Amino acid sequence: MKRSNHRKANELRKTAIKKHYIKHPEGSVLISMGNTKVICNASVEEKVPPFLKDTGKGWVTAEYGMLPRSTNERMSREAKQGKQSGRTMEISRLIGRALRASVDLKKIGERQIVVDCDVIQADGGTRCASITGGYVALALAIQKLMKKKLISHNPILTPVCALSCGVKNGKTILDLDYDEDSTAEVDMNFVMTGNQEFVEIQGTAEHKPFRFKDLEDMKELAVKGAEKLFRLQKKVLQI
């Protein structure tokens with residue numbers, strides 16, 4: 001089966017993470033996965049949600065959004081409509097859950113880190129790129145907190161990343177772009193830790209049910225792809 005850019009079934013799109021992309025946040029990156037580009041900014045706030053007040057624990061949360069012309073046709077700004085879409089809220093919560101899995105909240109102290117993920121160009125896999133880039137932005141913010149001696153112990157437990165997999169024309173493939181995603185028989189997202197544990201698995205049969213073997217095959221593709229993303233994250237954070 002031919003794929004865009006002549007990729008193999010198990011091949012990631014060209015992926016790059018540029019750190020310190022925006023000047024002001026404590027952690028900032030631009031992640032590019034093929035033609036999908038997301039700015040991830042991590043901001044440290046010296047407060048926590050009310051349910052964590054006086055507990056000594058911190059919090060990590062996320063907000064996700066897409067610029068109006070990040071897609072083929074312009075979308076209206078959700079702020080103008082007066083409410084966020086269900087998709088936006090669902091993806092924001094997914095990113096937050098993924099990033100919280102990477103840290104010991106007790107070691108952050110009673111503060112909150114908000115990771116904003118803004119899609120500036122969409123070509124499939126925006127939630128996965130947001131998680132993968134969002135982790136690096138979060139880690140950069142934590143590095144800054146440690147450098148300032150605001151926290152004494154590194155709260156990072158494990159890196160996290162996310163990948164899409166799918167079944168198209170009966171074949172399992174890794175890291176779907178928009179054209180593949182919109183025509184795939186199966187679309188799945190795997191959120192993983194550096195210990196090859198899963199934070200979340202989302203899967204939908206778009207046209208017909210899929211077999212357990214298909215799930216196993218997609219899982220293996222995701223694990224192999226995640227190894228490459230974890231190496232990239234580590235390299236960026238060490239530079």
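Anything mentioned here points back to the structure above.
What counts, and where the lines are drawn
- The residue numbers shown here count from 1 along each chain, following its written sequence.
- Only residues with pLDDT of at least 70 are given local features in this predicted model, and only at 80 or more are side-chain atom pairs given and counted; all residues enter the totals for whole chains, interfaces and linings.
- Only hydrogens and water are removed before side-chain values are computed, so all heavy atoms of the structure are retained for them.
- Note on pairing: DSSP must find at least two bridges between two strands before they are called paired.
- Every helix listed is a DSSP run of H or I at least four residues long, and every strand listed is a run of E at least two residues long, numbered separately from the N terminus.
- Under this scheme, a helix contributes an axis fitted over its contacting stretch, all axes are lines through C-alpha atoms, and angles between N-to-C directions fall in the 0 to 180 degree range.
- Here a residue-residue contact requires only that any non-hydrogen atoms of the pair lie within 4.5 Å.
- In this scheme Phe, Tyr and Trp rings, the latter by its six-membered ring, pair at centre separations within 6.5 Å, and the angle between planes marks the pair as stacked below 30 degrees, edge-to-face above 60, and tilted otherwise.
- A simple rule labels every residue: compare its accessible area, found with a 1.4 Å probe on the protein chains alone, to the largest value its type can have, and call it buried under 20%, exposed over 50%, or partly exposed in between.

Below, the discussion takes up the sheet that holds strand 7 (residues 171-174). Across the sheet, four strands lie side by side as 7-6-8-9; this open sheet has antiparallel pairing. Whereas interior strands pair on both sides, the edge strands pair on one side only; in this sheet they are strand 7 and strand 9 (198-205). Shown here is a sheet whose adjacent strand axes are inclined to one another by a mean of 15 degrees, direction ignored. Here strand 8 (residues 186-193) pairs with strand 9 via seven bridges, running antiparallel. Bridge pairing in strand 9 places Val186 opposite Ala205. On top of the sheet, helix 2 (residues 86-100) reaches strand 6 (160-168), strand 8 and strand 9; it is set at about 150 degrees to strand 9, its chief contact. Across the sheet, helix 4 (residues 126-147) lies against strand 6, strand 8 and strand 9, angled at about 160 degrees from strand 6, the strand it touches most.

What follows covers the sheet that holds strand 5 (residues 112-121). Spatial strand order, 1-2-3-5-4: five strands in an open sheet with mixed pairing. Where the open sheet ends on each side, the last strands, each with one partner, are strand 1 (15-19) and strand 4 (59-66). With direction set aside, neighbouring strand axes in the sheet form an average angle of 20 degrees. Strand direction decides the pairing type here: strand 1 and strand 2 (residues 27-33), joined by five bridges, are antiparallel. Considered in strand 2, the bridge of Ala16 is made with Ser32. Its contacts with the sheet put helix 4 on strand 1, strand 2, strand 3 (36-45), strand 4 and strand 5, and the angle it makes with strand 3 is roughly 35 degrees. Packing of helix 6 (residues 212-238) onto the sheet brings it into contact with strand 1 and strand 2, and relative to strand 1 it is tilted by some 25 degrees.

This paragraph deals with the packing of aromatic side chains. The final tally for this structure, using the stated rule, is two aromatic pairs. Taking 5.3 Å as the distance between ring centres and 85 degrees as the angle between the ring planes, the aromatic pair formed by Phe51 and Trp59 counts as edge-to-face. A residue is classified by how much of its surface remains accessible, and Phe51, at 55% relative accessible area, is exposed. Trp59 gets classed as buried once you look at its relative accessible area, which sits at 19%. Taking the centre distance of 6.0 Å and the plane angle of 50 degrees together, the rings of Phe190 and Phe198 count as tilted.

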